[in-house]
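# Breakdown of the fold
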Amino acid sequence: MQGNLLSFALKLTANREEAQDLVQDTTLKALRNESKFVENTNFKGWMLTIMRNIFINNYRKNARENTMVDSSEDMFHLNLCQESGLETPEGAFACNEISAIIAGFSSDYREPFSMHVAGYKYEEIAEKLDMPLGTVKSRIFFARKKLRDVLVDYR
């Protein structure tokens with residue numbers, strides 16, 4: 001059963017060490033709850049269900065722990081810029097280079113793309129620029145694609 005558990009754990013975690021930890025947690029939980037297993041039922045299914053539930057619970061726990069709650073009066077901390085990449089000379093150069101490439105786009109593509117990067121939703125962009133929603137989505141898609149093609153060396 002350990003081989004099946006490890007295989008499933010690797011699919012869930014995509015990391016060998018985390019998968020081994022998940023297999024161990026699953027085995028311990030199954031042993032602790034041995035009395036809850038019903039004879040003549042699918043043992044493998046029971047074990048994989050335990051593993052999946054442990055994985056989901058750990059994922060949700062990690063998501064809760066990494067959520068930032070801003071309790072300041074004017075939500076000042078939420079408006080602070082997160083890691084911008086400008087802290088290092090290489091990062092600043094890369095940001096300037098990317099900005100220059102975006103500035104070279106025609107305004108038909110630059111404006112919706114810039115608004116999207118700034119956090120506007122597709123519907124808001126469509127309304128502000130007086131464009132159909134589908135046009136906004138396709139222009140943002142093509143701007144991303146062009147940027148990805150130009151910046152192929154950054155991967």
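To be clear, the structure that these remarks concern was listed above.
Values in this document were obtained by computation on a predicted structure and should not be read as measured data.

The next thing to look at is a nonpolar patch on the surface. A cluster of nonpolar residues, Tyr109, Phe141 and Phe142, forms a patch on the protein surface that exposes about 300 Å² of accessible area. Within the secondary structure, Phe141 is located in helix α7 (residues 133-150).

Looking now at the packing of helix α2 (residues 16-32) against helix α3 (residues 43-65). Where α2 meets α3, the axes come as close as 9 Å, and the angle between the chain directions of the two elements is 120°. Looking at the two axes, α2 sits oblique to α3. Classified by chirality, the crossing of α3 by α2 is right-handed. Facing α2, whose interface residues are Leu22, Val23, Asp25, Thr26, Lys29 and Ala30, α3 presents Trp46, Met47, Ile50, Met51, Ile54 and Phe55. Grouping the constituent residues of the contact of α2 with α3 by class yields nine nonpolar, one polar and two charged.

With that settled, the discussion passes to the pattern of salt bridges. Under the definition given, this model contains one salt bridge. For Asp149, the salt bridge is made with Lys145, and the minimal N-O distance between the two is 3.8 Å. Of the two residues, Asp149 and Lys145 both sit in helix α7, four residues apart, roughly one turn of that helix.

What follows concerns the side chain of Thr13. As for its placement among the helices and strands, Thr13 is situated in helix α1 (residues 2-13). For Thr13, a relative accessible area of 16% corresponds to the buried category. At a separation of 3.1 Å, a polar atom in the side chain of Thr13 contacts the main-chain carbonyl oxygen of Asn15. Those residues in contact with Thr13 that lie beyond four places of it in its chain are Glu18, Ala19, Leu22 and Phe55.

Turning to a negative patch on the surface, a few remarks are in order. Together, Glu17, Glu18, Asp21 and Asp25 make up a negatively charged patch on the protein surface. Here Glu17 shows up in helix α2. With relative accessibility at 61%, the residue Glu17 sits in the exposed group.

Okay, the packing of aromatic side chains next. Overall, the coordinates contain five aromatic pairs when judged by the stated rule. Ring geometry for Phe37 and Phe43: centres 5.4 Å apart, planes at 90°, overall edge-to-face. With relative accessibility at 18%, the residue Phe37 sits in the buried group. Owing to a relative accessible area of 40%, Phe43 belongs among the partly exposed residues under this scheme. Here the aromatic residues Phe37, Phe43 and Trp46 are joined through ring pairs into a cluster of three or more. Lying across the ring of Tyr109, Arg139 places its NZ or CZ 6.0 Å from the centre.

Quick notes on the rules
Residues numbered from 1 in each chain as written. Predicted model: local features only at pLDDT ≥ 70, side-chain atom pairs only at ≥ 80, totals over all residues. Heavy atoms only, no water. Patch = residues over 30% accessible without salt bridge, like charges linked within 9 Å, V, L, I, M, F, W, Y side chains within 5 Å. Areas by Shrake-Rupley, 256 points an atom, 1.4 Å probe, with all protein chains shown as cover. Salt bridge = Lys/Arg side-chain N within 4 Å of Asp/Glu carboxyl O. Helix = DSSP H or I, 4+ residues; strand = E, 2+ residues; numbered from the N terminus. Axes fitted to C-alpha atoms, helices over the stretch in contact; angles between N-to-C directions. Parallel < 35°, antiparallel > 145°, perpendicular 65-115°, else oblique. Left-handed = near helix turned anticlockwise from the far one by under 90°. Contact = heavy atoms within 4.5 Å. Nonpolar A, V, L, I, M, F, W, Y, C, P; charged D, E, K, R; others polar. Buried < 20%, exposed > 50% of the residue type's maximum accessible area, 1.4 Å probe, protein only. Polar contact = N/O pair within 3.5 Å; in protein donor to acceptor, adjacent residues only side chain to side chain. Lys, Arg positive; Asp, Glu negative; His and termini not counted. Charge placed at Lys NZ, Arg CZ, Asp CG, Glu CD. Phe/Tyr/Trp six-rings, centres within 6.5 Å; stacked < 30°, edge-to-face > 60°. Lys NZ or Arg CZ within 6 Å of the ring centre and 35° of its normal.

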